[in-house]
Amino acid sequence: MKVRINNCLLELVEGDITKQDTEAIVNAANEQLIPGGGVDGAIHRAGGPSIAEEARKYERCPTGSAVITGAGNLKAKYVIHAVGPRYKDGKHGEADLLASAYRSALNLCLEKKIDSVAFPSLSTGAYGYPLEEASRIALRTIIDFLEEHHFPKLVRMVLFGKEAYKAYEKALKELAGEKNLKIDA
């Protein structure tokens, strides 16, 4: 599923983030930037040790922030390490922190002139963020950013499994309707 926002494309795909041919991929990182499980572990395994070595130059990355490294053996040129929040109950600023993690990654794309980026669904794995709520926050944040900055040219949400894809598809249809955006199937 795809939607055009100004001269940019936002697309949803089901797949493996480590196999994306975008200029950058986003890692669902932890504050210590230490390789973990899930998306983080998959990116570090596929990209090799140089990603973790380069990440060590940062002492940490606070929740809601992002930092950038090279991509090692991946097809992408960069890995943007974004730290989403651990979900408690939705009453501890989780939505703002999740939106901030997406915005921080997109701001790095703007700064580094990265014109294509692939995101996973941040915070919805081990950090326990409810998928339906997280999908709306992620897509609203991305659409608002693209409306304001007209960049990056391609933002791809790479979703792991049918459940995640369906949640994002539903959220994108709702947001497209609210914002009068045309969806391409």
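Residues numbered from 1 in each chain as written. Predicted model: local features only at pLDDT ≥ 70, side-chain atom pairs only at ≥ 80, totals over all residues. Heavy atoms only, no water.

### Overview of the environment of phenylalanine 160
Turning to step 1, where the next piece is worked out: Following the sequence through the fold, phenylalanine 160 ends up in the loop between strand E7 (154-159) and helix H5 (162-179).
Turning to step 2, where the next piece is worked out: Separated by 20 residues in sequence, phenylalanine 160 and arginine 140 have C-alpha atoms that sit 20 Å apart. (Helix = DSSP H or I, 4+ residues; strand = E, 2+ residues; numbered from the N terminus.)

### Remarks on the pattern of salt bridges
Turning to step 1, where the next piece is worked out: Scanning all chains against the criterion turns up 10 salt bridges.
Turning to step 2, where the next piece is worked out: The salt bridge involving aspartate 184 is made with lysine 182; its shortest N-O contact spans 3.1 Å.
Turning to step 3, where the next piece is worked out: Look at the salt bridges and you will find they share partners, linking Glu11, Asp21 and Arg156 into a network. (Salt bridge = Lys/Arg side-chain N within 4 Å of Asp/Glu carboxyl O.)

### Points about the sheet that holds strand E5 (residues 78-82)
Turning to step 1, where the next piece is worked out: Strand order in the open sheet formed by eight strands is E4-E5-E3-E6-E7-E2-E1-E8, with mixed pairing between adjacent strands. Looking along the sheet, the strands with just one partner apiece sit at the ends: strand E4 (66-70) and strand E8 (183-184).
Turning to step 2, where the next piece is worked out: As paired elements, strand E1 (residues 2-5) and E8 share two bridges and run antiparallel to each other. When the sheet's bridge partners are listed, valine 3 is paired in E8 with isoleucine 183.
Turning to step 3, where the next piece is worked out: With respect to the sheet, helix H1 (residues 38-47) is in contact with strand E3 (24-28) and E5, its orientation differing from that of E3 by roughly 130°.
Turning to step 4, where the next piece is worked out: Most of the contacts of H5 go to strand E2 (residues 8-14), to which it runs at about 150°, and overall it touches E1, E2, E7 and E8. (Pairing = 2+ DSSP bridges. Contact = heavy atoms within 4.5 Å. Axes fitted to C-alpha atoms, helices over the stretch in contact; angles between N-to-C directions.)

### A closer look at the nonpolar core
Turning to step 1, where the next piece is worked out: Among the nonpolar cores identified, the biggest contains 47 residues, and Leu10, Ile80, Phe119 and Met157 are the most heavily contacted of them.
Turning to step 2, where the next piece is worked out: With sequence-adjacent residues up to four places away left out, phenylalanine 119 is seen in contact with Ile17, Val26, Tyr102, Ala105, Leu106, Ile142, Val155, Arg156, Met157 and Val158.
Turning to step 3, where the next piece is worked out: Listed in part, the 10 residues of the second largest apolar core include Ile17, Ile51, Val79 and Ala118. (Core = buried A, V, L, I, M, F, W, Y, C linked by side-chain atoms within 4.5 Å. Buried < 20%, exposed > 50% of the residue type's maximum accessible area, 1.4 Å probe, protein only.)

### Looking at the packing of helix H3 (residues 94-112) against helix H4 (residues 131-149)
Turning to step 1, where the next piece is worked out: One way to put it is that H3 packs onto H4 with a least axis distance of 9 Å and a crossing angle of 35°. For the pair H3 and H4, the crossing hand works out as right-handed. Contact residues: Ala95, Leu98, Ala99, Tyr102, Arg103, Leu106, Asn107 and Leu110 in H3; Ala134, Ile137, Ala138, Thr141, Ile142, Phe145 and His149 in H4.
Turning to step 2, where the next piece is worked out: Grouping the constituent residues of the contact of H3 with H4 by class yields 11 nonpolar, three polar and one charged. (Left-handed = near helix turned anticlockwise from the far one by under 90°. Nonpolar A, V, L, I, M, F, W, Y, C, P; charged D, E, K, R; others polar.)

### A look at the packing of aromatic side chains
Turning to step 1, where the next piece is worked out: Scanning the entire structure with this criterion turns up two aromatic pairs.
Turning to step 2, where the next piece is worked out: Measuring from centroid to centroid gives 5.2 Å for tyrosine 102 and phenylalanine 119, while their planes differ by 35°, and the two rings are tilted. Of this pair, tyrosine 102 sits in helix H3 while phenylalanine 119 sits in strand E6 (residues 116-119), and the two are 17 residues apart along the sequence. There is no split in this pair, since tyrosine 102 and phenylalanine 119 are both buried. (Phe/Tyr/Trp six-rings, centres within 6.5 Å; stacked < 30°, edge-to-face > 60°.)

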